[in-house]
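Listed below are the residues making up each chain.
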Amino acid sequence: MSRKRPAKPSRQDSTHISWGIEQLARADGKVWHEVLRPTILDTVQAPAKTNENIHQLDLSIQDMVTEYRRHRLPVEVISMGHWSVHQRNAVAFASCLVGHRAERLMQIGDLAANALICLEAGAVLPAAASARSALELSAMCHYLQRKLSGVWGRVHGDGEQIRQEVLGADMNLWKTLTRVRVGSDIIDSGVPEEWPRPVHVNDALRTIKKGGGLLAQETSATYARLCDAVHPSQGAQGAMWRLSEEGQQGPHRLLLHPKKSQTTSKVDIVAAVNISSQLVAEFARFLWWVAVDVSLAFRFKNVALNRSLGLPIGGALGAPCVCASGFSFRLCTHPRPSH
Ligand SMILES: [Zn+2]
């Protein structure tokens, strides 16, 4: 009997590994806002913005799915943390960015898909739990983007400064990346004194709040209501009932009808999927933009390891630039991706 070598992971494998992205892209050709509209509008009191939110849903999802498919995903990642930061180098840093980009797109993709599938099936409680988690993850994305964005605005396109940021003695970028990825007290207990503590999701949500505007208002309110909706109190209970026609007179009666409950949590679930899909797509574009800068500053080569790590690698002068600006590599200034 001949022994076969295990198959090497290929590009094909890595672009088709996300369950959530596959679900969100709907194999049946239907669009989410049409499928969900009847159930979303069947609430006790849908807010005025509901129609707009439902309509936005497919655009937000499409943005995330497109971003997921835009670049080759990493087959592997270099694992770095406070324990190995003395071995830091540019490839490890870029790998951390590109790996984090893939993780967050897939995690939020899975959660968003689960939220919408459960909502379609009439299981509001698990839908709300998934939507709330997606919102928390995307808040962490936004937090990291805000932190890195200030630094990168200053060093973008300047090879010397980029090299200094990535390899310099203060290790600020490494610490920031570690903070948002190390989330538990158990791991925290092993972190050296001079390293910052993990970021709590409430800090991340406050960062969105500080930014002000519609996003801040909508995110805070949606998050607060989804927290209520998944707590074993009024909220979770509300997901099980709808108003009874007969109950309008006499004692107030509700029908036990989880698949057709009239909870307004359904509106919040759609809003949370909208917000988190948009934030993660924006974050993914930002991380790739930084990774391109690092790749060009350190002149990453087209070698097997870099390909396996899914790093951006500069191509032929006439080819489209790896930063996805649409310009040819020769002419590209790698502009910051728009929102
Ligand atoms: Zn470019």
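Because the structure is predicted, anything quoted here is derived from the model rather than measured.

Conventions adopted
Residues numbered from 1 in each chain as written. Predicted model: local features only at pLDDT ≥ 70, side-chain atom pairs only at ≥ 80, totals over all residues. Helix = DSSP H or I, 4+ residues; strand = E, 2+ residues; numbered from the N terminus. Buried ≥ 20, exposed ≤ 12 C-beta atoms within 10 Å, placed from the backbone. Contact = placed C-beta atoms within 7 Å. Axes fitted to C-alpha atoms, helices over the stretch in contact; angles between N-to-C directions. Parallel < 35°, antiparallel > 145°, perpendicular 65-115°, else oblique. Left-handed = near helix turned anticlockwise from the far one by under 90°. Nonpolar A, V, L, I, M, F, W, Y, C, P; charged D, E, K, R; others polar. pLDDT = per-residue confidence, 0-100. Expected span 1.5 Å × (residues − 1). Arc of directions from axis to C-beta. Core = buried A, V, L, I, M, F, W, Y, C linked by C-beta atoms within 7 Å.

Draft legend 1. The overall build of the chain, seen in detail. Counting secondary structure elements, the chain contains 14 helices and two strands. Counting all 339 residues of the chain, 37% fall into the buried class. Intrachain contacts of the chain at a sequence separation of at least 6 include 68% that bridge at least 24 residues.

Draft legend 2. Broad picture of the packing of helix H5 (residues 90-121) against helix H6 (residues 124-155). For the pair H5 and H6, interaxial distance at closest approach is 8 Å and the crossing angle is 155 degrees. By the angle between their directions, the pair H5 and H6 is classed as roughly antiparallel. Both H5 and H6 take part in a crossing whose hand is left-handed. From H5, Arg-104, Gln-107, Ile-108, Leu-111, Ala-112, Asn-114, Ala-115, Cys-118 and Leu-119 reach across to H6, where they touch Val-124, Pro-126, Ala-127, Ser-130, Ala-131, Ser-133, Ala-134, Leu-137, Ser-138 and Cys-141. Across the contact of H5 with H6, the residue classes tally to 13 nonpolar, five polar and one charged.

Draft legend 3. Inspection of the confidence of the model for the chain at higher detail. Looking at the chain, the pLDDT average stands at 86 and 88% of residues meet or exceed 70. The model gives residues 6-14 a pLDDT under 50, and that stretch makes five contacts with residues more than four places away or in other chains.

Draft legend 4. Representation of the environment of Glu-34. You can see Glu-34 is positioned in helix H3 (residues 32-41). The class for Glu-34 is exposed, based on 12 C-beta atoms found within 10 Å. Linking Glu-34 and Ile-54, residues 20 residues apart in sequence, is a C-alpha distance of 8.4 Å.

Draft legend 5. Examining helix H11 (residues 213-230) more closely. Over its 18 residues, H11 runs 26 Å from end to end, which matches the ideal 26 Å to within 8%, given 1.5 Å per residue. Residues of H11 that are buried include every one of Thr-219, Thr-222, Tyr-223, Leu-226, Ala-229 and Val-230, and no others. Down the axis of H11, the buried set is contained in an arc of 120 degrees. They therefore lie on one face. Across H11 from its buried face, at more than 90 degrees, point the exposed residues Gln-217 and Ala-224.

Draft legend 6. Structural detail: the nonpolar core. Among the nonpolar cores identified, the biggest contains 84 residues, and Ala-112, Ala-115, Ala-131, Ala-134, Val-273 and Ala-291 are the most heavily contacted of them. Here this core takes 22 residues from helix H13 (residues 265-297), the largest share from any one element. Ignoring anything within four residues of it in the chain, the contact list for Ala-131 reads Ala-115, Leu-226, Ile-269, Ala-272 and Val-273.

Draft legend 7. Representation of unusual backbone geometry. Phi at Arg-26 is positive, roughly 40 degrees, even though this residue is not glycine. Position of Arg-26 among the secondary structure elements: in the loop between helix H2 (19-24) and H3. Taking the C-beta count within 10 Å as the criterion, Arg-26 has 15 such neighbours and is therefore assigned partly exposed. Within the chain, His-334 stands out as a residue other than glycine whose phi angle is a positive 50 degrees. Structurally, the position occupied by His-334 is in the segment after helix H14 (304-308). We classify His-334 as partly exposed; it has 19 C-beta atoms within 10 Å.

Draft legend 8. Examining the environment of Asn-89 more closely. Positionally, Asn-89 belongs in the loop between helix H4 (50-70) and H5. Counting along the chain gives 78 residues from Asn-89 to Leu-167, while the straight-line C-alpha distance between them is 6.6 Å.

Draft legend 9. Quick look at the packing of H3 against H4. For the pair H3 and H4, the least separation of the axes is 9 Å and the interaxial angle reads 150 degrees. In this view, H3 runs roughly antiparallel relative to H4, as classed from their interaxial angle. As for how H3 packs across H4, the hand of that crossing is right-handed. Judged by residue contacts, Trp-32, His-33, Leu-36, Arg-37, Ile-40 and Leu-41 of H3 engage Thr-50, Ile-54, His-55, Leu-57, Asp-58 and Ile-61 from H4.

Draft legend 10. Expanded view of H13. The terminal C-alpha atoms of H13 lie 48 Å apart, and with 33 residues this matches the ideal 48 Å at 1.5 Å per residue to within 8%. Burial of H13 is extensive: 32 of the 33 residues sit out of reach of the surface. Positive phi appears at Arg-299, one or two residues downstream of H13, with a value of about 50 degrees.

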